[in-house]
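So the chains spell out like this:
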Amino acid sequence: MKEQLEKIYADAAADIEKACTVKDLEDVKFKYLSRKGEFNEIKKGLKDLSVEDKKIVGALANDITQKLETSIKEKFQLFYEKELNEKLQKEKIDVTLPGQYIPRGHVHPLTSTTNEICSIFQSLGFSIVPDEFGPEVETEYYNFDMLNVPKDHPARDMQDTFYTNIAKNVVLRSQTSGSQIHAMEGKNPPIRIIAPGRVYRNENVNSRKNNFFHQIEGLYVDKNITFGDLKGVLNEFIRIYFGESRPTRFRSSFFPFTEPSAEVDVQCIMCGGKGCRTCSGTGWLEILGSGMVDPNVLRGVGIDPDVYSGFAFGMGVERLAMLKYAIDDIRLFFNNDVRFSQQFHK
Ligand code: DAH
């Protein structure tokens, strides 16, 4: 039995010597040291030996088992580290490799300009009315009648306004001013709102005119609202939007729904006020119409003009964007050339 054990030990030691991988060592371990391994088979015979022999052979068997286990373990550690290193080397990730470029989308310059204007007015205490209170498909009632626009006013002409075939009196709104009526109907002052949206006009398209464009309407109705408040709010808006440096002027004007009325001009950015094609040689560009809400308009929505007064304004978003970014053709906003819109990537 002793010889048998030594023989197995020699075989096992040779196999360990030959082993080249972790897997080879695991096989050796299984072959000799597992429950069904060769050592165990022999150890089963120990019970038939005399007590004396049992002691000697048992000790030898244990000694051999231990030696084998130790040398398998040592080699295992060696192989394991080697194989692990090889694997890590093979699967190495180059963290310095640049990532894949994913182009990021961004909002259209008219959307960002609208957002910017709205947030300035929000900071001045105005709230934005929901879209459904100023629909793009509108009745003449809201677009003209309630705004004190006479039945024979040229703006109502088919040459200026798009009529639909939904019904005789349904138009594509030509101004956002109708949202003033939606905002006041059935409500009590104070009312302090802005309403951004798209409007349509039957225009000959050129570098300054398109047959649809965007406006932001504003309205403030309360007790003791004066023209001074109107000037204060609009001057503050212009100061924030353009910065201190841009010359502006108030010019008296006429709108059926305001009395008195004023337009605001900003110095032309293309020529610095000298006069050019963009500003038709005047050096100024109009950005908005405004005025004190006509008493007739207030009366129409059930607000007593002897108690309340208000101011209103409507500004062109394209104009404001053109003046800020020196864009000389309104059509650039609408022909979706990314070389243009990408320049507004913030
Ligand atoms: N709706 C006018 C336009 O489209 C602009 C305007 C003028 C709006 C005076 C107003 C206002 O609210 O008070 O030309």
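Residues numbered from 1 in each chain as written. Predicted model: local features only at pLDDT ≥ 70, side-chain atom pairs only at ≥ 80, totals over all residues. Heavy atoms only, no water.

K.L.:
Break down the packing of helix α2 (residues 22-33) against helix α4 (residues 51-90) for me, with residues and values.
P.N.:
Running from amino to carboxyl end, α2 crosses α4 at an angle of 165°, the nearest separation of the two axes being 9 Å. Between α2 and α4, the interaxial angle falls into the category roughly antiparallel. For the crossing formed where α2 meets α4, the hand is left-handed. Residues V22, L25, E26, V28, K29 and L33 of α2 lie in contact with α4, whose contacting residues are T65, L68, E69, I72, K75, F76, F79, Y80 and E83. In terms of residue class, the contact of α2 with α4 is built from 9 nonpolar, 1 polar and 5 charged. (Axes fitted to C-alpha atoms, helices over the stretch in contact; angles between N-to-C directions. Helix = DSSP H or I, 4+ residues; strand = E, 2+ residues; numbered from the N terminus. Parallel < 35°, antiparallel > 145°, perpendicular 65-115°, else oblique. Left-handed = near helix turned anticlockwise from the far one by under 90°. Contact = heavy atoms within 4.5 Å. Nonpolar A, V, L, I, M, F, W, Y, C, P; charged D, E, K, R; others polar.)

K.L.:
Summarise α2; cite the residues concerned and give the values.
P.N.:
Every α-helical turn comprises 3.6 residues, leaving residues that sit three or four positions apart pointing alike. Between its terminal C-alpha atoms α2 stretches 16 Å, which fits the 16 Å expected from 12 residues at 1.5 Å a residue. Considered for burial, the residues of α2 that qualify are V22, L25, V28, Y32 and L33. Buried residues of α2, seen end-on, are gathered within an arc of 115° and therefore sit on one face of the element. Exposed side chains of α2 directed beyond 90 degrees from the buried face belong to K23 and F30. (Expected span 1.5 Å × (residues − 1). Buried < 20%, exposed > 50% of the residue type's maximum accessible area, 1.4 Å probe, protein only. Arc of directions from axis to C-beta.)

K.L.:
Tell me what's going on with the domain arrangement of the protein, and back it up with residues and numbers.
P.N.:
Its domain assignment divides the protein into domain 1 (2-91) and domain 2 (109-344). Computed from C-alpha atoms alone, the centre-to-centre distance between domain 1 and domain 2 is 92 Å. (Domains from an automatic or database assignment.)

K.L.:
Just give me the short version of the pairing of strand β6 (residues 248-255), but keep the residues and values in it.
P.N.:
Bridge count between β6 and strand β7 (residues 258-267): 7 bridges; the pairing is antiparallel. Bridge pairing in β7 places T248 opposite V266. Where β6 folds back onto β7 in an antiparallel hairpin, the turn is made up of 2 residues. (Pairing = 2+ DSSP bridges.)

K.L.:
Residues and numbers for a nonpolar patch on the surface, please.
P.N.:
Together, Y80, L84 and L88 make up an exposed nonpolar region whose accessible area comes to about 290 Å². Inspection of the secondary structure puts L84 in helix α4. (Patch = residues over 30% accessible without salt bridge, like charges linked within 9 Å, V, L, I, M, F, W, Y side chains within 5 Å. Areas by Shrake-Rupley, 256 points an atom, 1.4 Å probe, with all protein chains shown as cover. Salt bridge = Lys/Arg side-chain N within 4 Å of Asp/Glu carboxyl O.)

K.L.:
I'd like a rundown of the sheet that holds β7, residues and numbers included.
P.N.:
Pairing is mixed across the open sheet formed by 7 strands, whose spatial order is β1-β4-β5-β9-β8-β7-β6. In the strand order of this sheet, the two ends are held by β1 (127-128) and β6, each with one partner. Across 10 bridges, strand β4 (residues 191-200) lies against strand β5 (residues 212-222) in antiparallel orientation. Its bridge partner being in β5, A195 is matched across the sheet by E217.

K.L.:
I'd love a proper account of the pairing of β5, names of residues and values included.
P.N.:
Counting buried positions over the 11 residues of β5 gives 10, a clear majority of the element. Pairing of β5 with strand β9 (residues 309-316) involves 8 bridges; the strand directions are antiparallel. Residue I216 lies in a different strand from β9, and its bridge partner there is M315.

K.L.:
Outline helix α8 (residues 227-242), listing residues and values.
P.N.:
The terminal C-alpha atoms of α8, which comprises 16 residues, lie 22 Å apart, in line with the 22 Å expected from a rise of 1.5 Å per residue. Where the residues of α8 are buried, they touch α5 (109-123), β6, β7, β8 (284-293), β9 and α10 (317-325). Regarding α8, its N-cap is T226, as a side-chain oxygen of that residue lies 3.2 Å from the backbone nitrogen of G228 further along. Looking at the residues trailing α8, positive phi occurs at G243, about 90°. (Polar contact = N/O pair within 3.5 Å; in protein donor to acceptor, adjacent residues only side chain to side chain.)

K.L.:
Tell me about the side chain of T258, residues and numbers included.
P.N.:
For T258, the position within the fold is in strand β7. Side chain to side chain, T258 and S261 meet in a polar contact 2.7 Å long. Excluding its chain neighbours within four sequence positions, the residues that come into contact with T258 are S290, G291, M292, V293 and D294.

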